[in-house]
Amino acid sequence: MRRAAAARAAGARTAPTRRTALVRRTALGLLAAALLAGCGTGTPGAAPEASATPATTAPSGGTAAPDPSRSPAGRTPEGTLLVADFGADTVTFVDPGPDGSGRGGAPIASVKAGTAPYGLVVGEDGRAWVATAEGVAVVDTRQRTRLALIPYATESGPVTTGEYRGGGMGIAMAPDGGHLYVGVNVPGRDGAVEVIDTATREVTGTARVGMRPFDVDVSPDGREVYATDHDSFDVTAVDADTLATRRMEVAPYGTEGGLGSWLKPHYAVVRPSDGALLLPFEGERLAVLDPRTGRVAIERMTANTHQHGAALTPDGTLLVVGTGPIGPDDEDPSLTVRAPDGTERIVPLDGPHEDVAVSKDGRTAYVTGGFTRDGHWNGITVVDLDDEKSEPVRLAAGNRPLGISVL
């Protein structure tokens, strides 16, 4: 990748030239047709049994079987990575290597979860909640077994795979761990946020949100839930007590192109200091949404690449995954490391990536290579956030991994 090599030599990219509307419309016209024609298909899938299965692939494209000898039977070490295998209906436990560096790491075990798992969240009790196409899987991460599969109350059509499949997408947990919130995609229609009682494992409420709830987040005080509605260019705020909703448009490039547009919100993070939602767009614009007023402020970004996953480190540094070009003037895949004062460092990545998690000490980022479109790879890129001169490390991990959490 010529651009990526140049960026490595320079240590950081310079600010991109602001794209014109004409270039945007040209890129959208060419690419949206391919997206709508080829990315919405899938094949039916059945609910798997709750048992361990081998991981199937390595970053090189070969097979990387889990190595159970890396941890005692029935126990999962702290700091282990857990990824949702969109391509294998499983979750995979990954040893991140010494000091979490990725060097010498490898998959430990895989557990069947459900068809096409997408997002996941882990509670303090060690249970993982995984949004699959057919329901929310409950996985005991200490014993590495599936405990339950909770079906959705929302009808989302046949259980399928593929980028536009129905069922669970974004997922988040209330601060007290008592409730879980999962965004359910209903293809071609508005979606829903379903509320699950984590003690009874039952759906206790449903709120209608926008189209294709890519991500779900919760306010620091637990009073509101936010669904990032990818295909309707907005964020829906859901009152956690009454389930009343408010829709807030977040479209810094406008809504031209509708469903075929690439310029829609994907992932968000909630800034603890003020409760604002941070939504990155195209490595050019950071939309800062005040959920109390619905107002959006725009801050400049510098990666100049299509962006998906986002996370915050303990010190407030924003990490954003750049998936790669969608237009002729775009840059290659990257990880943006954005300090609280707005200064950015751009770390080039080799190939498309989807989501990112950060180690508990805030020193290491783990970026999944699954990606929802073609071009994915079966692993994790490990980025040392302290050492700007270090090269990212590629680590085998599951099959088309999307969601990720650090245990």
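Now for a quick tour of the structure. (Residues numbered from 1 in each chain as written. Predicted model: local features only at pLDDT ≥ 70, side-chain atom pairs only at ≥ 80, totals over all residues. Heavy atoms only, no water.)

## So, the pairing of strand β6 (residues 127-131)
At step 1: With five of five residues buried, β6 is to be regarded as a mostly interior element.
At step 2: Covered by surrounding structure in β6 are Arg127, Trp129 and Ala131 together with Ala128 and Val130, the residues of both alternating faces.
At step 3: The pairing of strand β5 (residues 120-122) with β6 spans three bridges and is classified as antiparallel. Its bridge partner lying in β6, Val122 is registered against Ala128.
At step 4: What sits between the antiparallel neighbours β5 and β6 is a turn of four residues, in which Gly126 has the positive phi angle 90°.
At step 5: Judged from the five bridges that link them, β6 and strand β7 (residues 136-140) form a sheet pairing that is antiparallel. Its bridge partner lying in β7, Ala131 is registered against Val136. (Buried < 20%, exposed > 50% of the residue type's maximum accessible area, 1.4 Å probe, protein only. Helix = DSSP H or I, 4+ residues; strand = E, 2+ residues; numbered from the N terminus. Pairing = 2+ DSSP bridges.)

## Things to note about the packing of aromatic side chains
At step 1: Here the structure, examined in full by the defined rule, presents three aromatic pairs.
At step 2: Ring centres 5.9 Å apart and planes at 85° place the aromatic pair Tyr118 and Phe214 in the edge-to-face group. Here Tyr118 is found in the loop between β4 (106-112) and β5, whereas its partner Phe214 is found in strand β13 (residues 213-218), with 96 residues between them in sequence. Each member of the pair, Tyr118 together with Phe214, is buried.
At step 3: Consider the rings of Phe214 and Tyr267, whose centres lie 5.4 Å apart with planes at 90°: the pair is edge-to-face. Residue Phe214 is found in strand β13, and its partner Tyr267 is found in the loop between β16 (245-249) and β17 (269-270); the two are separated by 53 residues along the sequence.
At step 4: Linked through ring pairs, Phe86, Tyr118, Phe214 and Tyr267 together constitute an aromatic cluster.
At step 5: One Lys or Arg, Arg285, reaches over the ring of Tyr253 and ends 3.9 Å from the middle of that ring.
At step 6: Across the ring face of Trp377, the terminal group of Arg394 is positioned such that the distance to the ring centre comes to 3.7 Å. (Phe/Tyr/Trp six-rings, centres within 6.5 Å; stacked < 30°, edge-to-face > 60°. Lys NZ or Arg CZ within 6 Å of the ring centre and 35° of its normal.)

## Describing the pairing of strand β14 (residues 224-229)
At step 1: The buried fraction of β14 is high, at six of six residues.
At step 2: Taking every second residue as pointing to the same face, both faces of β14 are buried, with Glu224, Tyr226 and Thr228 on one and Val225, Ala227 and Asp229 on the other.
At step 3: By the bridge criterion, five bridges tie β13 to β14 in an arrangement that is antiparallel. Its bridge partner lying in β14, Val218 is registered against Val225.
At step 4: Counting the residues between successive antiparallel strands, the hairpin from β13 to β14 contains five residues, one of them, Gly222, with a positive phi of roughly 75°.
At step 5: Alignment of β14 against strand β15 (residues 234-239), held across six bridges, turns out to be antiparallel. Following the sheet pairing, Tyr226 is matched in β15 by Ala237.
At step 6: The antiparallel hairpin formed by β14 and β15 contains four residues in its connecting segment, where Phe233 sits at a positive phi of about 55°.

## Side note on the sheet that holds strand β12 (residues 202-208)
At step 1: If you walk across this open sheet you meet the four strands as β9-β10-β11-β12, and the pairing is antiparallel. The open sheet has two edge strands, β9 (167-173) and β12, and neither has a second partner. The average angle at which neighbouring strand axes cross in this sheet is 25°, direction not considered. (Axes fitted to C-alpha atoms, helices over the stretch in contact; angles between N-to-C directions.)

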